Amino acid sequence: MGKKAKKPGKGKEKTEKKTAKAEEKRARRENKKLSPEDDIDAILLSIQKEEAKKTEVHVEENVPAPSPRSNCSLTINPLKETELILYGGEFYNGTKTYVYGDLYRYDVEKLEWKVISSPNSPPPRSAHQAVAWKNYLYIFGGEFTSSNQERFHHYKDFWVLDLKTNQWEQINLKGCPSPRSGHRMVLYKHKIIIFGGFYDTLREVRYYNDMYVFDLDQYKWQEIKPSPGAMWPTPRSGFQFCVHQDEVLLYGGYFKEIQSDKNTSERGVVHADMWSLDPRTWQWNKVKKGGMPPGPRAGFSMCVHKRRALLFGGVVDMEVEGDAMMSLFLNELYAFQLDNHRWYPLELRKEKSTKAKIKKISDQKNNEVEFDDPMNEEGLEVGKIETSVLEEACNMDTDIDEISQHISSSVSINNGGLEASSSKKRQESGPNQNAILPEVIKPCGRINSCMVVGRDTLYIYGGMMEIKDREITLDDLYALNLSKLDEWKCIIPATESEWVEASEDEDEEDDEDDSEDDDNSEESNESDEDDGDEDDFEDGNDGSRKVGDAVALIKGGGRNLRRKEKRARIEQIRANLGLSDSQRTPMPGESLREFYKRTNLYWQMAAHEHTQHTGKELRKDGFDLAESRYRELKPILDELAILEAEQKAEEAEAPETSSRKRGKKKK
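Residues numbered from 1 in each chain as written. Predicted model: local features only at pLDDT ≥ 70, side-chain atom pairs only at ≥ 80, totals over all residues. Heavy atoms only, no water.

### Considerations on the overall build of the protein
Test applied: What counts as a helix is a DSSP run of H or I of at least four residues, what counts as a strand is a run of E of at least two, and both are numbered from the N terminus. Here's how the labels work: a residue is buried when its accessible area is under 20% of the maximum for its type, exposed when over 50%, partly exposed in between, all with a 1.4 Å probe on protein chains only. A contact between two residues is defined here by any heavy atoms of the two lying within 4.5 Å. Residue exposure ignores everything except the shown protein chains as possible cover, and the areas themselves are Shrake-Rupley values with a 1.4 Å probe.
A count of helices and strands for the protein gives 12 helices and 37 strands. Of all 667 residues assigned to the protein, the portion counted as buried reaches 46%. Considering only contacts in the protein between residues 6 or more positions apart, those separated by 24 or more positions represent 61%. Roughly 35400 Å² of accessible area belongs to the protein as shown, and the carbon and sulfur atoms make up 47% of that amount.

Okay, structure coming up:
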C-alpha cells in the first residue's frame, strides 16, 4: 500500500517554506551587520593608517577627565606613586559600543589629567591587562568590539611603553599566548605571568587555563604546562591574580559550560575557589578559605596592600519569577590576609572624637543616660542610639510619603553621578535628642572597575552598573586611606553618561521577523505570550529618563511602581540582603540593639583583625562596625518595609475589586 499524499502546507513544503524564511531573515540581518562601521578589519586598518601619520609624542596638559569607560587598565606609575596611568576601555550607550585607545596620566596631588599621543601606539582595546616594571608599562591582549557587538577581534600583541619618553614599542617574539581577553597578568620579580582568558569565535566561546611566562631579562616567552596528575585550575576568565612574596594567588572567575538540554545550551558558572601558585616550581595547590570569605560573585576587582589582598564590588545574578534574572551590584570591601589565608570584611573605622566633641557629649550626659559597655544588654536597651525608621515603616499609621522622602535622601547625586550614602541627620523620638551623624560616602556597587594602591591609598576608578535595563558606565574616582580606614573620599564625581534607547522601527522589524518564524510552532506561540508579559513589564519605562532619576530607579519608583515591578523589586531586595553572611546583615524588622546582640562575636572578630584591641576597646570597636553596617543597610530595609506594606494594601484591595467585577457579570 502506497504512502498517502501529504496535505499542502505540511511536511516537505512546510519545511522548505520555513527554511526559506529563515534564510531571508538571516540575509537581512547580515546585510544590516555588514555596515562600514561594523567592519572591524577596515576600522583597524584605518586606525593603523592614522597612527602612521604621527611623527612625534604630543603631551596635552590639564585636559578634561576621560569619558566614562569600563574594562580599562589603571596602573600606578613606578617612578611616581602619586600618578595613575589609564589606558583603553569601552563604553556602551544602548545602541553602539565605543572602544578607546587613548593614554591618560592623572596626578592625584595636583588633581590634573594629561593625555599623551604617541606614534606607533597600540590599536584601541578593552579587557586587556597591564603591569609596570622599572620605568616601563607592559600591555598584552584584549579585544576590539564592533559597534553592534556582533563581531569581536581578540589581540595577542604585546606592547611596552617607556614611561620616561612616552614611546610605544611592539614586542614580536615567538611562543606568545594565543589571542584572548578576560585573562589576568601579574609581575613576579623579573617575570610576567599570564593565565586564562577567553576567545570568542562567534560560533562558540573558548575558555583557557593555560599559563605563559615572559622573562623580562631574557626577553623570551615560555609556556608552563601541567605535569601528569598535577593539580591545576579549571578554564576561566575574569578572575583575579595577585602576588605576595613567593606566592601567586588566583581567586574566582567565570566560565560558560555547554548544557545537554537544547533549551539552555549554555550556563554561566561563577567560581569561588582559590589557588596558590609557587612560581619557583610552577606547582598549583588549592587554598582553604578561612575566616569570613565573601560570597560568590563575578566582575570584582582586587589588588594587594602590604600583607593583604583587597576585594571590591562584583555582581550576582539571581533568578526571580521563572527565567527572569536580577543583577545585584555589590560595593562591599573584603580583605584576605596573605600570611595566614584568612578572609574578613574591611569595615570603616569611626573617627576619634575631638576635644570639642568630647565636651559636647559630656554636656549632654546631664540629660541622657551614658552608654558604657556595648556588650551590656541593659546598656543597649537604655542607650539606644536611634529610633529605627524601619519600625516606623512597619507601623501602618506611619505616613509612607515621609518615609519615601527619607529614603530618597539616602542616595545622593553629584553632577549626575551616583554615590551611596547614609542620611545626614537622625532624629530621636524624644525632644532635645537630635543626633547629627556624619555622612557616610562610599562607591556604589559596580563591576569591571579599576583598583590600585599607591602610598597606602586605595583608588577605585570607573566600571559599570545596571539600573533596570540600562547600563551605567562610570568615570568616578574614589580614594581610601588604608592606614586610617576612616572614610571614602570622592576625588572625581561620576558624570551623566549617554544612553540611547533603541528606535521603534528596529523593534518593529525584529517583531515582524520573529512573528514569521513563530507562526509555525506551538512552542514559539507560548514564547510570544511570555514576550508579551515582558513587554507589559517594560511599558512603564521612560526612555528619556536621565541618570539624575537614578534615585527613583534604584529605589523602585515609590508608590507609582507597577505591581509586577514592585514584586520584582521586593525579591531583589530580599536577595540582596541575603547575599552576604547573615552575621553582617540585619534582618528585616531588626533594631540596632537586636542586630548587635545577635552578631556581636562576628563584629569583635572583624575589629580585632585590623585593630588588635582587646577587652572593652574591642567591644566598642565591634559595636562601631556593627552600627556603621546597620546605618549603611537601613535605607534598603526601610524601602523593603514600605514596599511590603504597599503590597499588602494592594492585596487587601484586590478581593473587593474582583468581587465587584463578578457582580457586574451576574447582572
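### Quick word on the state of the cysteines
What counts here: The disulfide definition used here is simple: a pair of cysteine sulfur atoms within 2.5 Å.
Applying the stated rule across the entire model yields 0 disulfides. The thiol sulfur of cysteine 242 is not disulfide-bonded, and the nearest other cysteine sulfur, from cysteine 303, lies at 9.2 Å. Residue class for cysteine 242 comes out buried when judged on its relative accessible area of 6%.

### A look at the confidence of the model for the protein
Under the convention used in this document: Per residue, pLDDT measures the predictor's confidence, with a range of 0 to 100.
Averaged over the protein, the pLDDT score is 75; the fraction of residues at 70 or greater is 64%. Here residues 1-9 is a poorly scored stretch, pLDDT under 50, and it has 3 contacts once near neighbours within four places are set aside; other chains count. In this model, residues 658-667 is a region of pLDDT below 50 whose contacts with residues beyond four sequence positions or in other chains number 0 contacts.

### With respect to a negative patch on the surface
Going by this rule: For patches, a residue must show more than 30% relative accessible area and have no salt bridge; joins then use 9 Å for like charges and 5 Å for nonpolar side chains, namely Val, Leu, Ile, Met, Phe, Trp and Tyr. Each salt bridge in this description consists of a side-chain nitrogen of Lys or Arg and a carboxyl oxygen of Asp or Glu lying within 4 Å of one another. His is not counted here, nor are the chain ends, while Lys and Arg score as positive and Asp and Glu score as negative. For this purpose, a charge sits on NZ of Lys, CZ of Arg, CG of Asp or CD of Glu.
A contiguous patch of negative charge on the surface is contributed by Asp317, Glu466, Asp469 and Glu501. Position of aspartate 469 relative to the elements: it lies in the loop between β35 (457-467) and β36 (470-481).

### Side note on helix α2 (residues 40-52)
As a reminder, the rule being used: A helix is expected to span 1.5 Å multiplied by its residue count minus one. Of all possible arcs, the one meant is that of the directions from the helix axis to the C-beta atoms.
Look at α2: 18 Å from first C-alpha to last across 13 residues, which is about the 18 Å you get at 1.5 Å a residue. For α2, the set of buried residues is Ile40, Leu44 and Glu51. Considered in projection along α2, the buried side chains sweep an arc of 25° and stay on one side of the axis. Exposed residues on α2 whose side chains face more than 90 degrees from its buried face are Lys49 and Ala52. In this fold, the buried residues of α2 make contact with β10 (143-145) and β11 (152-154).

### Focus: the environment of serine 67
Inclusion rule: A 3.5 Å cut-off defines polar contacts: any pair of N or O atoms within that distance qualifies, except that in protein one atom must be a possible hydrogen donor and the other a possible acceptor, and neighbouring residues in sequence count only when both atoms are side-chain atoms.
Along the chain, serine 67 turns up in the loop between β1 (58-63) and β2 (73-77). Judged by its relative accessible area of 28%, serine 67 is partly exposed. In this structure the C-alpha to C-alpha distance between serine 67 and serine 497, which are 430 residues apart in sequence, comes to 8.4 Å. Once residues within four sequence positions are removed from consideration, serine 67 is found in contact with Tyr100, Tyr461 and Asp475. Among the polar contacts made by the side chain of serine 67, one reaches the side chain of tyrosine 100 at a distance of 3.4 Å.

### A look at unusual backbone geometry
Excluding glycine, a negative phi dihedral is what most residues carry, and trans is how most peptide bonds are arranged. With phi around 60°, asparagine 120 is a residue other than glycine that occupies positive phi space. You can see asparagine 120 is positioned in the loop between β7 (112-117) and β8 (129-133). By relative accessible area, which is 41% here, asparagine 120 ends up partly exposed. Located in the positive-phi region is leucine 485, a residue other than glycine, with phi close to 50°. Inspection of the secondary structure puts leucine 485 in the loop between β36 and β37 (488-492). Residue class for leucine 485 comes out buried when judged on its relative accessible area of 0%.

### Concerning the nonpolar core
Quick reminder of the rule: Buried Ala, Val, Leu, Ile, Met, Phe, Trp, Tyr and Cys residues form a nonpolar core when they are joined through side-chain atoms within 4.5 Å.
Within the largest apolar cluster, 30 residues are counted, with the highest numbers of intra-cluster contacts made by Leu458, Leu480 and Trp488. By size, the runner-up hydrophobic cluster in this structure holds 18 residues, among which are Leu84, Val115, Cys450 and Tyr459.

### Overview of the side chain of serine 118
Along the polypeptide, serine 118 turns up in the loop between β7 and β8. Using a relative accessible area of 1% as the deciding quantity, one classes serine 118 as buried. Of the polar contacts made by the side chain of serine 118, one reaches the backbone oxygen of asparagine 166; its length is 2.6 Å. The contact partners of serine 118, leaving out residues within four places of it in the chain, are Glu51, Lys54, Val57, Asn166 and Trp168.

### Digging into the sheet that holds strand β13 (residues 167-170)
Put simply, the rule is: Strand pairing is assigned whenever DSSP detects at least two bridges linking the two strands. Convention adopted: a line fitted to C-alpha atoms gives each axis, helices being fitted over their contacting stretch, and angles between N-to-C directions are expressed from 0 to 180 degrees.
Pairing is antiparallel in the open sheet, where 4 strands are placed in the order β8-β9-β12-β13. Each edge of the sheet is formed by a strand with only one pairing partner; in this case those strands are β8 and β13. Across the sheet, the mean angle from the axis of one strand to that of its neighbour is 20°, orientation sign disregarded. Bridge count for strand β12 (residues 158-162) against β13 is 4 bridges, and the pairing is antiparallel. Considered in β13, the bridge of valine 160 is made with glutamate 169.

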